[in-house]
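# Coordinate inspection notes
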Amino acid sequence: MRTPIIAANWKMHKTVAEAKDFCRAFLASYEPDGGEVVLCPPFTALGAVAELLQGTEVKLGAQDLFWEEKGAYTGEIAPGMLVDVGCHYVIIGHSERRGYFGETDADVNRKVRAALAHDLKPIICLGESLEQREAGQTEKVVTAQVRSAYEGIDASLAAGTVIAYEPIWAIGTGRNATPEEANRVIGLIRQTIADIYDEETAGQIRIQYGGSVNKENIAQFMEQPEIDGALVGGASLDPAGFAVIARGGRS
Ligand code: 13P
């Protein structure tokens, strides 16, 4: 049985004060139910959120990292720095990073390796654009992204990673993939993992859906057999709403 994992990607939202307010309100209304919940604030709020999450079951994640240990890389954050501030998870390869900041599949692979070398669990984002979808290339695109992300990574480490299937056309648009369609593509992703490694590893990796998930539709995604959770953007900014999402929509 895979433990469900629901993660909040706040993107470039919330000051330190706003992040603290969120944590207090969220922790007051969220009732843990055995699933894993991860908050991924911007770098500037990681420390404050880490303090408020101490002693709770909610984990901390970052939204990106750089693969080098340290050095003259102005503006970048090293894996060890994320561990130091209390992160367990790190989002890697979000389509906004790929699209706006030119991150390539090879960069994503380097970042995944760097995270794993520091015991940080990567949440590896991938998904097709609308153009690719309409050209019937979804399978080809996501398969290539998966293969590249896991290049040179042992099965034992791969098993602990998380994948977020986020079709680009569904992000921030209010137009989510249907649960059945998301389940189908996630099944394909799991099959690719089985092809690279084996069935056991494929059965252990957790795969989330992301793209316009909210408190009204989360339960339908969680009902799908291949979907192990969600990576939530806009709807994760509201503490009461995210407390519902974090329980998979069960009240
Ligand atoms: P939305 O939930 O705002 O569509 O964003 C999804 C996402 O990009 C999460 O990483």
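The coordinates are above.
What counts and how
- Residue positions within a chain follow its written sequence, with the count starting from 1.
- Restriction of local features to residues with pLDDT of at least 70 applies here, the model being predicted, together with a cutoff of 80 or more for giving and counting side-chain atom pairs; totals for whole chains, interfaces and linings are based on all residues.
- The basis for every side-chain value is the complete set of non-hydrogen atoms in the structure, without hydrogens or water.
- The salt bridge criterion pairs a side-chain nitrogen of Lys or Arg with a carboxyl oxygen of Asp or Glu, the two atoms within 4 Å.
- Under the DSSP-based scheme used, a helix requires at least four consecutive residues in state H or I and a strand at least two consecutive residues in state E, with every element numbered from the N terminus.
- Think of it in three bands: with a 1.4 Å probe and only protein chains considered, a residue is buried below 20% of the maximum accessible area for its type, exposed above 50%, and partly exposed in between.
- The disulfide criterion is simple: two cysteine sulfur atoms within 2.5 Å.
- Note that patches include only residues with greater than 30% relative accessible area and no salt bridge, and the join distances are 9 Å for like charges and 5 Å for nonpolar side chains (Val, Leu, Ile, Met, Phe, Trp, Tyr).
- Exposure was quantified through the Shrake-Rupley algorithm and a 1.4 Å probe, taking into account, for residues, occlusion by the shown protein chains and nothing else.
- Asp and Glu count as negative and Lys and Arg as positive, but His and the ends of the chain are not part of the count.
- To locate a charge, take NZ of a lysine, CZ of an arginine, CG of an aspartate or CD of a glutamate.
- Any residue with a heavy atom positioned within 4 Å of a molecule or strand is treated as near that molecule or strand.
- Whenever two N or O atoms come within 3.5 Å, that pair is a polar contact, provided that in protein one can donate a hydrogen and the other can accept it, and provided that, for residues adjacent in sequence, both atoms are side-chain atoms.
- Ten residues, namely Ala, Val, Leu, Ile, Met, Phe, Trp, Tyr, Cys and Pro, are considered nonpolar, four, namely Asp, Glu, Lys and Arg, are considered charged, and the remaining ones, Gly among them, are considered polar.
- Every residue pair with non-hydrogen atoms within 4.5 Å of one another is taken to be in contact.
- DSSP bridges decide pairing: two strands pair if at least two such bridges lie between them.
- Axis angles are defined between N-to-C directions and span 0 to 180 degrees, where every axis is a line fitted to C-alpha atoms and, for a helix, only to the segment in contact.

Under the definition given, this model contains 17 salt bridges. The residue Asp21 makes a salt bridge to Arg24 at a minimum N-O spacing of 3.8 Å. In this pair, Asp21 and Arg24 are both assigned in helix 1 (residues 16–29), 3 residues apart and thus about one turn of the helix distant. Since its relative accessible area comes to 49%, Arg24 is described here as partly exposed. Among the ionic pairs, Lys59 bridges to Glu36, the shortest N-O distance being 2.9 Å. With Lys59 in strand 3 (residues 58–62) and Glu36 in strand 2 (residues 36–40), the pair connects residues that are 23 residues apart, well separated along the chain. Residue classification places Lys59 among the partly exposed positions, given a relative accessible area of 25%. Here the salt bridges share partners, and the residues they tie into one network are Arg2, Arg190, Glu226 and Asp228.

Here we take up the state of the cysteines. Applying the stated criterion to the full structure yields 0 disulfides. A disulfide-free cysteine, Cys40 has its sulfur positioned 7.8 Å from the sulfur of Cys87, the nearest such atom.

Together, Asp195, Asp198, Glu199 and Glu200 make up a region of like negative charge exposed at the surface. Topologically, Glu199 is positioned in helix 10 (residues 199–204).

Taken together, 13 residues lie near the ligand, and Lys11, His94, Gly172, Ser212 and Gly234 sit nearest. One of the side-chain N or O atoms of Asn9 is found 3.0 Å from an oxygen atom in the ligand. Take Gly172: an N or O atom from its main chain is 2.6 Å from an oxygen atom of the ligand. The protein chains hide 94% of the 310 Å² of surface that the ligand would expose on its own. Looking at side-chain class alone, the shell around the ligand contains 4 nonpolar, 7 polar and 2 charged residues.

Of note, Gln208 is situated in strand 7 (residues 206–210). If we ignore the near neighbours within four places in the chain, the residues touching Gln208 are Ile5, Ile6, Ala7, Ile123, Val162, Ile163, Ala164, Tyr165, Ile186, Gly229, Ala230 and Leu231.

Glancing now at the sheet that holds strand 7. As a general point, the strands of a sheet are linked pairwise by backbone hydrogen bonds and lie either parallel or antiparallel. Read around the closed barrel, 8 strands run 1-2-3-4-5-6-7-8, paired in parallel fashion. Pairs of neighbouring strands in the sheet enclose a mean axial angle of 25°, with direction left out of account. Direction of pairing for strand 4 (residues 89–92) relative to strand 5 (residues 121–126): parallel, over a ladder of 4 bridges. Within the sheet, the bridge partner assigned to Val90 lies in strand 5 and is Pro122.

In short, geometric facts, not functional conclusions.
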